[in-house]
Amino acid sequence: MAEQAIKVENLVKHFGKDESLVRVIEGADFQVDKGELVALIAPSGAGKTTLLMMIGCVEEPTSGTIWLGDEKVYDNAWLTKETRKIRREKIGFIFQAHYLIPFLNVIENVTLVPQTNGVSKAEAEKDAMALLDYFDIADKAHSMSSQLSGGQNQRVAIARALANKPQIILADEPTAALDLTRSVSVVKMLKKIAIDQDVAIIMVTHDEAMLPLCDRILKIEDKKVVSQAVPENTKMI
Ligand SMILES: Nc1ncnc2c1ncn2[C@@H]1O[C@H](COP(=O)(O)OP(=O)(O)O)[C@@H](O)[C@H]1O
Ligand SMILES: [Mg+2]
């Protein structure tokens with residue numbers, strides 16, 4: 001039986017108050033299991049990034065419940081003062097722009113978080129090399145981000161997101177800056193990671209061509225989250 005990686009119950013998010021109140025999410029309920037790659041879709045401004053940031057313990061919800069794996073992390077309030085620790089240990093983030101640190105080389109970027117978590121430099125580098133190898137960019141380990149192509153940088157960013165062995169990956173439009181071929185390759189890579197490492201991945205995308213590569217679609221509709229099957233047509237991919 002599939003194991004739950006993320007469970008959200010009656011999640012509400014409002015910004016501001018009184019006349020400046022913005023109701024973004026009004027009672028979202030959904031679950032994502034380990035091994036699933038789920039697309040998150042909705043029009044611009046519908047709350048996709050906000051939802052990822054709440055699951056990632058970055059943005060505080062207004063109310064509701066969030067489970068990450070078997071740990072309840074939010075129940076109308078954070079259940080720990082150490083949201084940063086949860087984030088570092090359980091979550092990998094991938095963004096539209098890769099946000100690699102420009103003055104660190106590739107392997108230094110990938111080993112930064114594990115070393116912050118107390119992993120030794122030698123072990124972090126060994127793990128990082130295995131990841132870079134998996135993504136076919138081991139030969140770039142000592143290059144700077146500026147020397148890499150967009151696709152290579154995004155692969156490094158994915159390797160970095162995996163470096164802390166997260167249970168959950170939250171990807172906010174990871175293919176927005178890539179052409180179709182590279183987008184397909186990145187999304188297929190994410191699906192392989194989900195299966196190989198039993199990770200749950202939520203990927204925000206505006207690209208319909210990516211949907212058939214995902215297991216399921218979560219859609220923000222009327223300020224709630226609904227689950228849909230992916231379109232059948234996979235011919236073009
Ligand atoms: N820090 C904030 N303060 C006030 N409103 C915000 C803030 N962050 C996001 N919003 C509002 O929340 C809504 C959802 O934003 P966002 O999650 O970025 O949408 P999406 O990622 O789907 O484009 C928008 O109306 C946005 O203006
Ligand atoms: Mg967004």
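The rules we used
- Residues numbered from 1 in each chain as written.
- Chains lettered and ligands numbered in written order.
- Predicted model: local features only at pLDDT ≥ 70, side-chain atom pairs only at ≥ 80, totals over all residues.
- Helix = DSSP H or I, 4+ residues; strand = E, 2+ residues; numbered from the N terminus.
- Rg over C-alpha atoms; globule rule 2.2 N^0.38 Å.
- Buried ≥ 20, exposed ≤ 12 C-beta atoms within 10 Å, placed from the backbone.
- Pairing = 2+ DSSP bridges.
- Core = buried A, V, L, I, M, F, W, Y, C linked by C-beta atoms within 7 Å.
- Contact = placed C-beta atoms within 7 Å.
- Axes fitted to C-alpha atoms, helices over the stretch in contact; angles between N-to-C directions.
- Near = placed C-beta within 6 Å.
- Parallel < 35°, antiparallel > 145°, perpendicular 65-115°, else oblique.
- Left-handed = near helix turned anticlockwise from the far one by under 90°.
- Nonpolar A, V, L, I, M, F, W, Y, C, P; charged D, E, K, R; others polar.

> Describe the overall build of the protein chain, with residues and values.
Across its full length, the protein chain carries six helices and ten strands. Computed over C-alpha atoms, the radius of gyration of the protein chain comes to 18 Å, within 12% of the 18 Å expected from 2.2 N^0.38 for 237 residues, which places it in the range of a compact globule. Every one of the 237 residues in the protein chain was classed for burial, and the buried ones make up 38%.

> Which residues make up the pairing of strand S1 (residues 4–15), and what values go with them?
Two strands pair when backbone bridges link them, and S1 and strand S2 (residues 22–33) are joined in this way by nine bridges, in the antiparallel orientation. Bridging across to S2, Leu11 finds its partner in Ala28. Count of turn residues in the S1/S2 antiparallel hairpin: six residues, of which Gly16 carries a positive phi of about 65 degrees. By the bridge criterion, five bridges tie S1 to strand S4 (residues 63–68) in an arrangement that is antiparallel. Each residue of the ladder has a partner; that of Ile6, found in S4, is Leu68.

> Which residues make up the nonpolar core, and what values do they have?
The biggest cluster of nonpolar side chains holds 61 residues, and the ones touching the most others in it are Ile201 and Met203. Broken down by element, the residue count for this core peaks at six residues, all from helix H5 (residues 150–162). Met203 has contacts with Leu37, Ala39, Leu40, Ala171, Pro174, Leu190 and Cys214, leaving out every residue within four places of it along the chain.

> Go over unusual backbone geometry with me, naming the residues and quoting the values.
Of note in the backbone geometry, Asp18 takes a positive phi value of approximately 50 degrees without being a glycine. Among the structural elements, Asp18 can be located in the loop between S1 and S2. The class for Asp18 is exposed, based on 5 C-beta atoms found within 10 Å. Of note in the backbone geometry, Cys57 takes a positive phi value of approximately 60 degrees without being a glycine. Along the chain, Cys57 falls in the loop between helix H1 (48–55) and S4. Residue class for Cys57 comes out buried when judged on the 23 C-beta atoms lying within 10 Å of it.

> Account for the sheet that holds strand S5 (residues 71–75), naming residues and giving values.
The four strands lie next to each other as S2-S1-S4-S5, forming an open sheet whose pairing is antiparallel. Unpaired on one side and paired on the other, S2 and S5 mark the two borders of the sheet. Across the sheet, the mean angle from the axis of one strand to that of its neighbour is 15 degrees, orientation sign disregarded. Across the sheet, H1 lies against S1, S2 and S4, angled at about 120 degrees from S1, the strand it touches most.

> Give a description of H1 that names residues and reports values.
The element H1 is extensively covered by neighbouring structure, given that six of its eight residues are classed as buried. For H1, every residue scored as buried is listed here: Lys48, Thr49, Leu51, Leu52, Met54 and Ile55. Phi turns positive one or two residues past the end of H1, at Cys57, with a value near 60 degrees.

> Residues and numbers for the site of ligand 1, please.
The environment of ligand 1 is made up of Phe15, Gly16, Val22, Val24, Ala42, Ser44, Gly45, Ala46, Gly47, Lys48, Thr49 and Thr50. Put simply, the parts of the chain that give the shell around ligand 1 at least two residues each are S2 and H1. Considering every element that reaches the shell around ligand 1, the biggest residue donor is H1, with three residues.

> Summarise the packing of helix H3 (residues 106–116) against H5; cite the residues concerned and give the values.
Contact pair H3 / H5: the axes reach a minimum separation of 8 Å and the direction vectors enclose 25 degrees. In terms of orientation, H3 and H5 fall into the roughly parallel class. The hand of the H3/H5 crossing is right-handed. Counted together, Val106, Asn109 and Val110 of H3 and Val156, Ala159 and Arg160 of H5 form the full contact between these two elements. Split into classes, the residues belonging to the contact of H3 with H5 amount to four nonpolar, one polar and one charged.

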